[in-house]
Amino acid sequence: MSAGSSGTSIRPLGKILEAIGEPVYVVTRDGRFEYFNRAALEWLGCESQPLLDWKPSPDRDPASAIDALALSLQPPKILRRGRPISQPIAPRVETLQGPASREMLFIPLGETAVEFVVAVGDCHWSGEASAESIDLVSLSRQLAAIRQQYPRLNQLGPLVGASGAAEHLRRQASLAAECSSNVFLVGRSGCGGDQLALAIHRRPTESPSAWSSLTPIDCALMDAELLEAALSPVIARLGGSSTARATVLLRNLDRLAVEAQSPLRQRLAEFGSRLRCISLSELSVAQCLRSEHLDGDLIYRLATLEIAVPSLTQRIVDLPLIVQFLIERRAKPNQIIDGISRPALDLLSTYPWPGDFDELDAAIRNSMRESGSPVIQPQHLPLAIRSYTPPDPAATADDRPIDLDRLLARIERELIDRALERSDGNRAEAARRLGISRSRLLRRIDDNDDSTEAEG
């Protein structure tokens, strides 16, 4: 097994790198491999040519073994000229020789910008870095670990995070992606359900041609006739072959018109497991079953596997990782943006995110366009986020309107009850204790009784 190079530009350096006993490989700025030394190929247990011929794609899905291996060897996204970064790499290949994971030192090379990245095994960088830079490197390392563990879901922002909720969601999504059951995704509008549905649809155990493309249908816009028209391409595919299968994405299922539910249920019964539905709903399965306008039998058929997608505000601890993921995911090849500053991240953490993940994604895209520096600052964020002020709970309580008549009536009733209790129910004695006449006391008791009944 010999070392490999795809061109002559790396050969002079290759003579030096070949003499190093540790794994070494070279990657171009756009992710193409230029060189592997002998130790690297022995570590990976594979030939160099398939990796040297591999071409990166921004939205590549690791359907093959070479895709998974090549993606697992990519350098951190936040590399800049003159700043090496150490990061563990665990290649995804069954023939891996030696340790499953190695600490690789990624060294960016280039006169004015990063042109090549040299990865050297079992090396560490001890150079100085700011506290902010250390945070960004740590986030990048955590993202790399998630991508290694869940290669099929590595393009999916809603699943990123270090919290228990994020890990639980990743496991459920992986389970759903491994089977052909109907999936019921529960989450607020903008939670990233479309992305999650697409990842679940791409089953790793089957070829891409085994399932048709994901057909989206917005149930909120459907009556019986429109639903049948939207399903017609799917029905034609399934009806034309007894082995054909299809997947439908049912957005806003909880808002499907009553008259359209029976036709959908009939189609599910007609095609059985060949018609797979991934449903998006703001109501849980239990809430849908209690709803008067939703068909219980239809919900049971669609809810083989229920997955609750937590909102951003429920997992705010994951926000730094999600933001870093989005920055690395959206950065253009010639765009130098490492991450986000602490003050900007603080603003994102206090914002309520009514549009959930989709709103955050749009905010990061906008900030990256506005930023002219490697780190996003508060002034680069959208105005709605910069100008948001969290409500003061104490001030909110003090500012609530007071119903003075009701408050005085309640106080009066409490005083009357206390006087009657101390007088053993003697109303004349109670009136004396209150300093009013007996007749007035009786009128106040009647008035209070009438007010209580009205409120009830």
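Details of the structure are given in the entry above.
Bear in mind that the values here come from a model prediction, so they are computed numbers and not experimental data.

(A) Spatial organisation of the overall build of the protein chain. Of regular secondary structure, the protein chain possesses 19 helices and 13 strands. Across the 456 residues in the protein chain, those meeting the buried criterion constitute 44%. Residue pairs at least 24 apart in sequence account for 67% of intrachain contacts in the protein chain once pairs closer than 6 positions are excluded. Of the roughly 23,200 Å² of accessible surface on the protein chain, a fraction of 51% belongs to carbon and sulfur atoms.

(B) Main features of the side chain of Ser 423. Locating Ser 423 in the fold gives a position in the loop between helix H17 (404-422) and helix H18 (427-434). In terms of polar contacts, Ser 423 uses its side chain to reach the backbone amide nitrogen of Ala 430, at 3.4 Å. Those residues in contact with Ser 423 that lie beyond four places of it in its chain are Glu 429, Ala 430 and Arg 433.

(C) Main features of a nonpolar patch on the surface. Among the surface-exposed residues, Leu 404, Leu 408, Ile 411, Leu 415 and Leu 434 lie close enough to one another that they form a single nonpolar patch of about 420 Å² accessible area. Position of Leu 415 among the secondary structure elements: in helix H17.

(D) Up close: the sheet that holds strand S10 (residues 275-281). In spatial order, the strands read S8-S9-S10-S7-S11; together these five strands make up an open sheet with parallel pairing. At either margin of the open sheet sits one strand with a lone partner, and together these are strand S8 (214-218) and strand S11 (305-308). In this sheet, neighbouring strand axes are inclined to one another by 20° on average, regardless of whether the strands run parallel or antiparallel. Pairing between strand S9 (residues 246-251) and S10: five bridges, direction parallel. Within S10, the residue paired with Val 248 across the bridge is Cys 277. With respect to the sheet, helix H6 (residues 164-178) is in contact with strand S7 (183-186), S10 and S11, its orientation differing from that of S11 by roughly 150°.

(E) The arrangement of the environment of Ser 273 in detail. Locating Ser 273 in the fold gives a position in the loop between helix H9 (258-271) and S10. Judged by relative accessible area, Ser 273 falls into the exposed class, the value being 58%. Each C-alpha atom of the pair Ser 273 and Asn 182 lies 8.6 Å from the other, and the pair is 91 residues apart in sequence.

(F) Structural detail: the side chain of Ser 284. Along the chain, the position of Ser 284 falls in the loop between S10 and helix H10 (285-290). Contacts of Ser 284, omitting those with residues within four sequence positions, involve Phe 184, Val 186 and Glu 306.

(G) The arrangement of the pattern of salt bridges in detail. Following the criterion strictly, the structure yields 19 salt bridges and no others. A salt bridge links Glu 34 to Arg 32, with the nearest nitrogen and oxygen atoms 3.4 Å apart. The exposure class of Arg 32 is partly exposed, given its relative accessible area of 33%. Counted as one network, the salt bridges with shared partners bring together Arg 265, Asp 295, Asp 297 and Arg 301.

(H) Structural detail: the packing of aromatic side chains. Taken as a whole and judged by the stated rule, the model has six aromatic pairs. Ring geometry for Phe 33 versus Phe 36: centroids 5.3 Å apart, planes at 40°, classification tilted. With a relative accessible area of 1%, Phe 33 lands in the buried category.

(I) Summary view of helix H14 (residues 356-370). Look at H14: 21 Å from first C-alpha to last across 15 residues, which is about the 21 Å you get at 1.5 Å a residue. Those residues of H14 not exposed but buried are Asp 356, Phe 357, Leu 360, Asp 361, Ala 363, Ile 364, Ser 367 and Met 368. With its buried residues spanning 165° around the axis, H14 presents them on a single face. Away from the buried face of H14 by more than 90 degrees, exposed residues Arg 369 and Glu 370 are located. Where H14 is buried, its residues touch helix H7 (193-201), helix H12 (319-330), helix H13 (342-350), strand S13 (375-376) and helix H15 (383-386).

(J) Highlighting unusual backbone geometry. The backbone of Asp 356 sits at a positive phi, close to 55°, despite the residue not being glycine. Along the polypeptide, Asp 356 turns up in helix H14. With a phi close to 55°, Asp 424 is a non-glycine residue in the positive phi region. Within the secondary structure, Asp 424 is located in the loop between H17 and H18.

Rules used throughout
- Residues numbered from 1 in each chain as written.
- Predicted model: local features only at pLDDT ≥ 70, side-chain atom pairs only at ≥ 80, totals over all residues.
- Heavy atoms only, no water.
- Helix = DSSP H or I, 4+ residues; strand = E, 2+ residues; numbered from the N terminus.
- Buried < 20%, exposed > 50% of the residue type's maximum accessible area, 1.4 Å probe, protein only.
- Contact = heavy atoms within 4.5 Å.
- Areas by Shrake-Rupley, 256 points an atom, 1.4 Å probe, with all protein chains shown as cover.
- Polar contact = N/O pair within 3.5 Å; in protein donor to acceptor, adjacent residues only side chain to side chain.
- Patch = residues over 30% accessible without salt bridge, like charges linked within 9 Å, V, L, I, M, F, W, Y side chains within 5 Å.
- Salt bridge = Lys/Arg side-chain N within 4 Å of Asp/Glu carboxyl O.
- Pairing = 2+ DSSP bridges.
- Axes fitted to C-alpha atoms, helices over the stretch in contact; angles between N-to-C directions.
- Phe/Tyr/Trp six-rings, centres within 6.5 Å; stacked < 30°, edge-to-face > 60°.
- Expected span 1.5 Å × (residues − 1).
- Arc of directions from axis to C-beta.

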